[in-house]
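Single-letter residue listing:
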Amino acid sequence: MDRPTAPVPPPGCPAHQAGGRVPLYGTEFAADPQAYYTYLRHFGPTAPVELAPGVEATLITDYAVALQLLQDSGAFRKDARRWRDLNEGRVPPDSPVAPLLSYRPNAMFSDGAEHLRLRQAITDSMARVDTRKLSRTTEQVSNYLISQFGPRGSADLLGDYAKQLPLFVFNELFGCTADIGDRVVFGITGMFDGVNAEQAVGVMFGAIGELVALKRAKPGDDVPSWLIEHPAKLTDEELVHQIALLLVAGNEPLRNLIGNTLHRLLTHDTYAHQGGLIDEAIDDTLWENPPMQNLAPHYPAGDMEFAGQKVHAGDLLLVSFAAANTGPALTAARQAGSNRAHLAWSAGPHACPSKEPARQITVTAIENLLNKLPDVELAVPTESLTWRPGPFNRGLTVLPAKFTPVQIAHRSAPTRTEAPVRQAPTTTGGRGERAGVWSQFLNWLTR
């Protein structure tokens, strides 16, 4: 039987036109990105894509080629000031992808000795996070969030739970006061929801600046204090940008990982009512529906031949973790039992420095939710669920669920091994505003 030799472009994809780039945005891509990745493999290990109108990039869809790029920090650089299209004015100034790709003085956008110095400060500080305290904090936050929607018997497990839990846990790990934590939550939420994003970024950086000043004056048992005392001797500006990186890069992928894993548990009969399979569900999600599907921007240091294609200095190259994970090369490795060989955490010198805490938070959050809501189920048909558009993230817009209504008791007083709870004021920043969600959580802890 004869088979077609050329793949058919996915719905809405203009790439069948001569020289057309495949768009990684819009509702069509969000609805079925794997159809796009299947088509992109037709180009070979790299493919021409458009991240947003007028923003061109080369996407790596092959696992081996992706590893080559991620591990070769000499030929491929992370400093976004090398991005030729941006420097030459070909990227629209109001492009929705520019804020995430533009240079900031942090470990993600640095190379060589500077990267090693900043990265070491981050990895050493994150390694000091106590795993028992992390589990305890995650469970406290989980209980609080469930207490807010539990009596209703219904919830959006994304907006009411997966979206908020990482923010609260990170606020605790970073020793945020009530006022600072409220503004951090406001800033990160605004950045990713696209609501007054510029103002949100300003609020977040202002709050982090105050946090740095606070921890310099009064160090605590928290990540910012450990960064301050690290031998790398970070400046205040460096501290602000590394903390912002950890907060932003930690929250968005974690939100999607919790949400995508819950989606998998609620829509695949294999996992129904079998809490012991949470680890397996997380691994399957990281393989097939990773929280960041395309990212790891790199720039060739010079003109070169790469994966059979000519690339030029300053070209924007991205890795498709989702395409590499599901490509033919990795299918065999996964079937052979290598369940952690995926690229969802990236690889090489810029691999995620916090994958173990992220996994621990995810396991604890999901276990506690299923323990408290044992009969939770999807409240809408699976096919009605929609995914957020965009080239980088992979996350649902909502995840409606229903369950038998529950009441969650308030947390008891702190044990001797726990840090004292920071008192929450009734206003935010002394401006007479209603207390933010972080303040409300701190108040709940002390009731």
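The protein chain appears in an unreviewed UniProt entry as Cytochrome P450 from Streptomyces rishiriensis.

A. The arrangement of the overall build of the protein chain in detail. Helix and strand content of the protein chain: 18 helices and 13 strands. A burial count over the protein chain gives 53% of its 447 residues as buried. When contacts within the protein chain are restricted to residue pairs at least 6 apart in sequence, those whose partners lie at least 24 apart make up 70%. When the accessible surface of the protein chain is summed, it comes to about 19,500 Å², and 53% of that surface belongs to carbon and sulfur atoms.

B. Region of interest: the packing of aromatic side chains. Inspection of the entire model under this criterion finds 9 aromatic pairs. Plain terms: the ring middles of F29 and Y36 are 5.3 Å apart, the flat faces sit at 90° to each other, and that makes the pair edge-to-face. Residues F29 and Y36 agree in their burial class; the two are buried. Ring pairing ties together the aromatic residues F29, Y36 and Y37, which thus form one cluster. The ring of Y103 carries the charged tip of R81 above its face, separated from the ring centre by 3.9 Å. The ring of W387 carries R394 above its face, with NZ or CZ at 3.8 Å from the centroid.

C. Here's a closer look at the environment of L158. Relative to the elements of secondary structure, L158 occurs in helix α8 (residues 157–162). Given a relative accessible area of 3%, L158 falls into the buried group. Here the alpha-carbon distance between L158 and L262, two residues 104 residues apart in the chain, equals 9.0 Å. When residues no more than four places from it in sequence are discounted, the contact partners of L158 are K163, G259, L396, T397, V398 and L399.

D. Focus on the pairing of strand β3 (residues 55–60). With respect to burial, β3 is a largely interior element, 5 of its 6 residues being buried. Direction of pairing for strand β2 (residues 46–52) relative to β3: antiparallel, over a ladder of 6 bridges. Bridged to A47 within β3 is L59. With antiparallel pairing between neighbouring strands as the criterion, β2 and β3 make up a hairpin whose turn holds 2 residues, including G54 at a positive phi of roughly 85°.

E. Highlighting the pattern of salt bridges. Taken as a whole and assessed by the stated rule, the structure comprises 20 salt bridges. The closest approach of N and O atoms between R132 and D130, which form a salt bridge, is 3.6 Å. Relative accessible area serves as the criterion here: at 33%, D130 is assigned to the partly exposed category. Two residues, R388 and E252, come together in a salt bridge whose shortest N-O distance is 2.9 Å. Remark: E252 occurs in helix α13 (residues 236–267) and R388 occurs in the loop between β10 (377–378) and β11 (400–402); sequence separation between them is 136 residues. On the basis of relative accessibility, which here comes to 3%, the residue E252 falls in the buried class. A single network of salt bridges, built from pairs that share partners, joins D85, E88 and R90.

F. How the structure looks around the sheet that holds strand β5 (residues 154–156). If you trace the 3 strands from one edge of the open sheet to the other, you get β5-β11-β10, paired in antiparallel fashion. Both outer strands of the open sheet, β5 and β10, are each paired with one neighbouring strand and no more. Where β5 lies against β11, 3 bridges are found, and the strand directions are antiparallel. Residue pairing across strands places S154 opposite K402, the latter belonging to β11.

G. Spotlight on the nonpolar core. Counting residues in hydrophobic clusters, the biggest one holds 85 residues, and the most contacted among them are F149, L157, Y161, L165 and F174. If one sorts the elements of this core by residue count, α13 sits on top with 13 residues. The contacts of F149, once residues within four sequence positions are left out, are S154, A155, L157, D160, Y161, L369, L373 and F403. In terms of nonpolar packing, the next biggest core, distinct from the first, is built from 50 residues, V22, M292, L317 and A323 among them.

H. Inspection of the sheet that holds strand β1 (residues 22–23) at higher detail. Taken together, the 6 strands give an open sheet; going across it, the order is β1-β2-β3-β9-β6-β4, and neighbouring strands pair in mixed fashion. For this open sheet the edge positions go to β1 and β4 (76–77), each flanked by a neighbour on one side alone. Helix α3 (residues 63–71) contacts β3, β4, β6 (294–300) and β9 (317–320) of the sheet and is inclined by roughly 130° relative to β9.

I. Representation of α13 in the model. A rise of 1.5 Å per residue sets the reference length of α13, with its 32 residues, at 46 Å; its end C-alpha atoms lie 46 Å apart and thus fit the reference within 8%. Within α13, 27 of the 32 residues are buried, leaving the element largely enclosed by the surrounding structure.

J. Seen up close, the pairing of β6. β6 sits mainly inside the fold: 7 of its 7 residues count as buried. When β4 meets β6, the two strands line up antiparallel, connected through 2 bridges. Pairing of R77 across the sheet is with Y299, part of β6. The sheet contact formed by β6 and β9 spans 3 bridges and is antiparallel. Within the sheet, the bridge partner assigned to H298 lies in β9 and is L317.

K. Just the side chain of S320, in detail. Residue placement: S320 occurs in strand β9. One polar contact links the side chain of S320 to the main-chain amide nitrogen of A323, over a distance of 3.0 Å. Ignoring anything within four residues of it in the chain, the contact list for S320 reads Y37, L59, I60, Q293 and N294.

L. Structural detail: unusual backbone geometry. One non-glycine residue, K233, lies in positive phi territory at about 55°. A positive phi angle is found at S346, which is not glycine, with a value near 65°. You can see S346 is positioned in the loop between α16 (328–335) and α17 (355–372).

What counts, and at which threshold
- Residues numbered from 1 in each chain as written.
- Predicted model: local features only at pLDDT ≥ 70, side-chain atom pairs only at ≥ 80, totals over all residues.
- Heavy atoms only, no water.
- Helix = DSSP H or I, 4+ residues; strand = E, 2+ residues; numbered from the N terminus.
- Buried < 20%, exposed > 50% of the residue type's maximum accessible area, 1.4 Å probe, protein only.
- Contact = heavy atoms within 4.5 Å.
- Areas by Shrake-Rupley, 256 points an atom, 1.4 Å probe, with all protein chains shown as cover.
- Phe/Tyr/Trp six-rings, centres within 6.5 Å; stacked < 30°, edge-to-face > 60°.
- Lys NZ or Arg CZ within 6 Å of the ring centre and 35° of its normal.
- Pairing = 2+ DSSP bridges.
- Salt bridge = Lys/Arg side-chain N within 4 Å of Asp/Glu carboxyl O.
- Core = buried A, V, L, I, M, F, W, Y, C linked by side-chain atoms within 4.5 Å.
- Axes fitted to C-alpha atoms, helices over the stretch in contact; angles between N-to-C directions.
- Expected span 1.5 Å × (residues − 1).
- Polar contact = N/O pair within 3.5 Å; in protein donor to acceptor, adjacent residues only side chain to side chain.

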